[in-house]
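# Structural description and commentary
One-letter residues, chain by chain:
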Amino acid sequence: MSATLEPDGTHQGVPAYHFDNRLGGPVLSHQERWDEIARTHSGFRSTTARGYWVVTEGEAVQQALQDWRTFSNQSVTALDPDPRFLWIPEMLDPPQHTAWRRLLGSAFSPKTVAAREPEIREVASGLIDELKDSGSADVLDSFARRFPTLIFMRLMGLPEQDLPQFLDWIHDLLHLSHGEDPHGERQLSAMNAVSEYFEQQIAIRREAPRDDLLSRAMTWTIDDEPISDRDMHAFCILLFQAGFDTVPISIGWALYHFATHPEQRRAIVEDPALIPTAVEEILRVYSFVVPARKATQDVEIGGCPVRAGEMVMLPLAVSNRDPERFDRPLEVDLRRKATNHIAFGSGPHRCLGSHLARLELNVAVEAWHRRIPDYGITAGQDLEQHGNMYGIKQLRLEW
Ligand code: HEM
């Protein structure tokens, strides 16, 4: 077992560890830790907080994500089986979940997303043009975080001058270390500010609807009932959480990957037709989302005797880096044929934004390499990644 995991006895006969997924670590350490655990365990017990189960067998992870009757989304936070908040549609189970997904489907369909491609290209190219003559930059702050946030704000119809404010909130909500915010006050205050912001945006549109996703969503009905402001708010908060960090993290990994694999970088520069497979492979190999579910009944999964009401963590990395599933699973293979990963999840909650995310990633990689084909990691940095969702904290490149 990894030196980073301290044994803590057994729980109902299953090995237990002091395992805390919130902690950051050196770049790629979380993914490698999952590889190591998955080699020796099909599941284990974490003794963090009230305790939860962790499944580390790739197939079992996917199976649990698909079995919504046994593994409910009432809570999706392993540390808290009884949250006092609601994110829509992530924390709904069918049939309410199905009704929301039906409504949301068209706004995030491949066709709707494709229609935004020229705008997405223009935003990406503009941001890269702004920094390309500087010769060096922290690419997360100057590009990866700004690009998808701007696209998302436009999609929702939020004023673009609020971008710096959004980036600050995202930082305080998702990226503060324990040392920076020991009592979680800054995080809570950012959460309250985001919440208030969306309340205001909803109120503005109740007064006078606009031509944007938020206004349109406010006209939807479920079972002939209009959607309440409270539910609309829960939807905005989820989109904020789901859409704002994931694409920046993936762009960060893509640039890190091509900075550390110059031969592959040259290959995509010479033949951009390789980019779609490269993007899928990067999503797979650098998997960073760790869903969790609440058991509705006693069930055994990955060798864990889960009781009804207990939380189960389902790291996607163990499926996406599973040697049983992929040949040379840890390698980004630009010519791989079978790239059917579960980086966007599996089952009813599979990512709503996957088409948008894929387009943004392809555009980002293509636009970047057309303008900045040759670059490397600036020496002297300690490359670290966050806990929870494993994104690189800062990445300074030079070209
Ligand atoms: C590379 C980028 C992205 C990745 C890797 C990603 C990954 C995921 C994953 C793994 C889930 C399932 C979580 C679970 O099973 O509990 C999910 C759900 C979701 N994602 Fe994404 N996501 C990305 C981008 C986006 C974007 C850009 C949006 C929206 C603008 C978005 C919106 C959502 C929503 C709304 C859900 C909840 C779906 C539901 O509960 O039915 N995601 N995403």
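Below you will find a few notes about this structure. Since the structure is predicted, the reported quantities are computational estimates derived from the model, not experimental observations. (Residues numbered from 1 in each chain as written. Predicted model: local features only at pLDDT ≥ 70, side-chain atom pairs only at ≥ 80, totals over all residues. Heavy atoms only, no water.)

## A short note on the pairing of strand E10 (residues 292-295)
- Residues of E10 alternate between two faces, with Ala 292 and Lys 294 on one and Arg 293 and Ala 295 on the opposite face, all of them buried.
- Here strand E6 (residues 71-72) runs beside E10; their pairing, made up of two bridges, is antiparallel. Among the inter-strand pairings, Phe 71 is bridged to a residue of E10, identified as Ala 295. (Buried < 20%, exposed > 50% of the residue type's maximum accessible area, 1.4 Å probe, protein only. Helix = DSSP H or I, 4+ residues; strand = E, 2+ residues; numbered from the N terminus. Pairing = 2+ DSSP bridges.)

## Describing the pattern of salt bridges
- Throughout the structure, instances matching the rule amount to 26 salt bridges.
- With a closest N to O distance of 2.8 Å, Asp 141 and Arg 145 form a salt bridge.
- Judged by its relative accessible area of 14%, Arg 145 is buried.
- Ionic pairing is found between Asp 211 and Arg 216, a salt bridge with its closest N-O pair at 3.1 Å. (Salt bridge = Lys/Arg side-chain N within 4 Å of Asp/Glu carboxyl O.)

## Brief notes about the layout of surface pockets
- Space inside the second largest pocket adds up to approximately 340 Å³.
- In terms of lining residues, the second largest pocket is bounded by 19 residues, among which Ala 38, Val 318, Asp 322, Pro 323 and Glu 324 are the most central.
- Going through the elements one at a time, helix H1 (29-40), helix H2 (58-66) and helix H15 (317-320) are the ones with two or more residues in the lining of the second largest pocket.
- Split into classes, the residues belonging to the lining of the second largest pocket amount to five nonpolar, six polar and eight charged. (1 Å grid on protein atoms, 1.4 Å probe; cavity = no way out; pocket = protein on both sides within 12 Å on 5 of 7 lines; lining within 4 Å. Points joined across faces, edges and corners; volume = space filled by probe spheres on them. Nonpolar A, V, L, I, M, F, W, Y, C, P; charged D, E, K, R; others polar.)

## Description of the sheet that holds strand E16 (residues 396-398)
- Pairing is antiparallel in the open sheet, where three strands are placed in the order E7-E16-E14. Both edges of this open sheet fall to strand E7 (136-138) and strand E14 (376-377), since each of them pairs with a single strand only.
- Relative to E16, E14 is paired through two bridges, and the arrangement is antiparallel. Among the inter-strand pairings, Gly 376 is bridged to a residue of E16, identified as Glu 398.

## Details of the packing of aromatic side chains
- Enumeration according to the criterion identifies 23 aromatic pairs in this entry.
- Ring centres of Tyr 197 and Phe 198 lie 5.6 Å apart, and the angle between their planes is 85°; on these two criteria the pair is classed as edge-to-face. Considered together, Tyr 197 and Phe 198 belong to a single accessibility category, that of buried residues.
- Judged by centre distance (6.1 Å) and plane angle (75°), the ring pair of Phe 198 and Phe 240 falls under edge-to-face. (Phe/Tyr/Trp six-rings, centres within 6.5 Å; stacked < 30°, edge-to-face > 60°.)

## What to know about unusual backbone geometry
- Residue Pro 89 is bonded to the preceding Ile 88 through a cis peptide linkage, with omega at 5°.
- As for its position among the elements, Pro 89 is in the loop between E6 and helix H3 (96-105).
- A cis amide bond links Pro 94 with the next residue in sequence, Pro 95, at an omega value of 5°.
- Secondary-structure assignment places Pro 95 in the loop between E6 and H3.

## Focus on the coordination of the iron atom of the ligand
- One donor from the polypeptide reaches the iron atom of the ligand: Cys 351 (SG), at 2.3 Å.
- Inspection of the secondary structure assignment puts Cys 351 in the loop between H15 and helix H16 (354-371). (Donors = N, O, S within 2.8 Å, 3.2 Å for Na, K, Ca; no water.)

## Details of helix H9 (residues 185-207)
- A rise of 1.5 Å per residue sets the reference length of H9, with its 23 residues, at 33 Å; its end C-alpha atoms lie 33 Å apart and thus fit the reference within 8%.
- Of all the positions in H9, only Ala 190, Val 194, Ser 195, Tyr 197, Phe 198, Gln 201, Ile 202 and Arg 205 are classed as buried.
- Along its buried surface, H9 packs onto helix H7 (146-156), helix H8 (163-174), helix H10 (213-217) and helix H11 (229-244). (Expected span 1.5 Å × (residues − 1). Contact = heavy atoms within 4.5 Å.)

## What about the site of the ligand?
- Taken together, 30 residues sit near the ligand, with Glu 90, His 97, Arg 101, His 349 and Cys 351 positioned nearest.
- Contact between the ligand and Arg 293: an oxygen atom at 2.7 Å from a side-chain N or O atom of the residue.
- At four residues, the largest contribution of residues to the shell around the ligand is made by H11.
- Taken together, the residues of the shell around the ligand break down into 20 nonpolar, seven polar and three charged. (Near = heavy atom within 4 Å. Polar contact = N/O pair within 3.5 Å; in protein donor to acceptor, adjacent residues only side chain to side chain.)

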